[in-house]
Protein chains: 2
Amino acid sequence: MPAAAAKTRPRKHLRPASPWEARRRPRHEHALKREAVIHAAARAFRERGYHNTSLDDLAASLRVTKPTLYLYVPNKEAILFECFRAGLAQIQASLDAAERGGGPAADRLFAFIRGYAAAIVGTFGWCMLRAEDQHLGAAMSRKIKLLKAGIDKRMRALIEAGIADGSIRRCDARMTAFALAGALNWMGHWYREDATLKPHEIADRFIDIFNHGLRGRG
Amino acid sequence: MPAAAAKTRPRKHLRPASPWEARRRPRHEHALKREAVIHAAARAFRERGYHNTSLDDLAASLRVTKPTLYLYVPNKEAILFECFRAGLAQIQASLDAAERGGGPAADRLFAFIRGYAAAIVGTFGWCMLRAEDQHLGAAMSRKIKLLKAGIDKRMRALIEAGIADGSIRRCDARMTAFALAGALNWMGHWYREDATLKPHEIADRFIDIFNHGLRGRG
């Protein structure tokens, strides 16, 4: 579930070791182990690609057997979907905060852009961007498309609210949302952990470009 | 070769039928058939994904046997690379024209953006955007990365020329190039043949957004 997966983010100490090797309270164990599977899969998919990662690879990285994995997830496609949902939950949380915030809609849009940039370069960014391209089953593809369309719709609504309150000039809200999402999603391709700029610094430069435009005096 | 592949674009009448079924001048036959393989592969990769497309599928779509395919291409990875190069050749041709053009650098950048948008939604757009993500061999990945970096560098140089001639305001040229490339590349995800806007209309809206910015009066 997205909420459960998103909740694991601060538990960084869990990641290097396998939770199968730790003693924990029994009622949390299943959820923790399932989250560990999702996290390990997200990292493996990003590093080696979805099609190049087998459940055997994943089991080995967690130091468990493949049958053990099946206690937590039914198949590889379901794991990719959970990774996608975990990334989506971060984006949704950032949208929730932006929509609740006060002030001009442009400022709320910019706050959302900062949250989006952080999510895209996070553990689940790759899965969120690439899940749809892995040529999954029709039902799964449809679910992912629908969830993505929901994000797009809310982003567009923020832009339309900005046009309504005057903080954003009249523009094609649909194309603006696509241009913004594209600039941000593309970070998933070029951003590496060793990048000189932090995600919020990149977001601020993008906000400057989109807000003020590139037009010079010439 | 990119030049050969790019040259096939206007020959639309070739695509529905297999060139193996046509009588042509012998000296062109090998090149034409090789181009047909690259085109058919580009369409198959875009529709079904690289990993889900076998050389058997490709041979069947061209109504030939797999051993026949090997007369034109050594393996699937090499085909993907040729598809990538064919798409890249379109982008490069558009950059060549923009660099040769006169007037303010901002206008040359915008001309390039229109050419880029057309290439991204073309036959080879998917392969150009996704080749690197297919977790190919190290040598192939390095070649693709280098070729992409060349495009990025030339795009950045156009932006810097604009800052120098005053047609673009002082900005982070690297981040601007990434934002522009992201907006354009994202078209490859959402654009479908039945889209209400043509690629040049989308490019014009993107140019408007990037040139004038979104800032309202509020």
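A.B. asks: What should I look at first to understand unusual backbone geometry in this one?
C.D. replies: Comment: phi is negative for the bulk of residues other than glycine, and the bulk of peptide bonds are trans. One non-glycine residue, Arg 63 of chain A, adopts positive backbone phi at about 55 degrees. On the secondary structure map, Arg 63 of chain A appears in the loop between helix 3 (55–61) and helix 4 (66–69).

A.B. asks: Help me understand the interface of chain A and chain B in this model?
C.D. replies: Facing the 47 residues of chain A at the interface are 47 residues of chain B. Together, the buried faces of chain A and chain B total about 4,300 Å²; carbon and sulfur atoms form 59% of this surface. Between the two partners, chain A and chain B, sit 4 salt bridges. Arg 205 of chain A is the partner of Asp 172 of chain B in a salt bridge, and the nearest nitrogen-oxygen pair spans 2.8 Å. Taken together, the links from chain A to chain B amount to 18 residue pairs in polar contact (both at pLDDT 80 or more). Residue assignment for the side of chain A that touches chain B shows that the elements contributing at least two residues are helix 2 (26–48), helix 7 (125–130), helix 9 (173–190) and helix 10 (199–212) of chain A. When residues of the side of chain A that touches chain B are assigned to their parent elements, the largest contribution, 12 residues, is made by helix 9 of chain A. Looking at the side of chain A that touches chain B, its residues break down into 18 nonpolar, 17 polar and 12 charged.

A.B. asks: Could you clarify how one ought to interpret the packing of aromatic side chains in this entry?
C.D. replies: Across all of its chains, the model carries 11 aromatic pairs over all chains by this definition. Seen in terms of ring centroids, Phe 81 of chain A and Phe 84 of chain A are 6.2 Å apart; in terms of plane orientation they differ by 20 degrees. Their pairing is stacked. Residue Phe 81 of chain A and its partner Phe 84 of chain A are located together in helix 5 (residues 76–100), separated by 3 residues, close to a single helical turn. Across the pair, Phe 84 of chain A and Phe 81 of chain A agree in class, each one buried. Aromatic side chains Phe 45 of chain B and Tyr 50 of chain B sit 5.1 Å apart centroid to centroid with 70 degrees between the ring planes, which places their arrangement in the edge-to-face category. When sorted by exposure, Phe 45 of chain B lands in the same class as Tyr 50 of chain B, which is buried. Members of the aromatic cluster, connected to one another through ring pairs, are Phe 178 of chain A together with Trp 190 and Tyr 191 of chain B. Here the guanidinium or amino end of Lys 76 of chain B rests over the ring plane of Tyr 50 of chain B, the centre of that ring lying 4.4 Å away.

Criteria and thresholds
- Residues numbered from 1 in each chain as written.
- Chains lettered and ligands numbered in written order.
- Predicted model: local features only at pLDDT ≥ 70, side-chain atom pairs only at ≥ 80, totals over all residues.
- Heavy atoms only, no water.
- Helix = DSSP H or I, 4+ residues; strand = E, 2+ residues; numbered from the N terminus.
- Contact = heavy atoms within 4.5 Å.
- Buried area = accessible area lost by both parts, 1.4 Å probe.
- Salt bridge = Lys/Arg side-chain N within 4 Å of Asp/Glu carboxyl O.
- Polar contact = N/O pair within 3.5 Å; in protein donor to acceptor, adjacent residues only side chain to side chain.
- Nonpolar A, V, L, I, M, F, W, Y, C, P; charged D, E, K, R; others polar.
- Phe/Tyr/Trp six-rings, centres within 6.5 Å; stacked < 30°, edge-to-face > 60°.
- Buried < 20%, exposed > 50% of the residue type's maximum accessible area, 1.4 Å probe, protein only.
- Lys NZ or Arg CZ within 6 Å of the ring centre and 35° of its normal.

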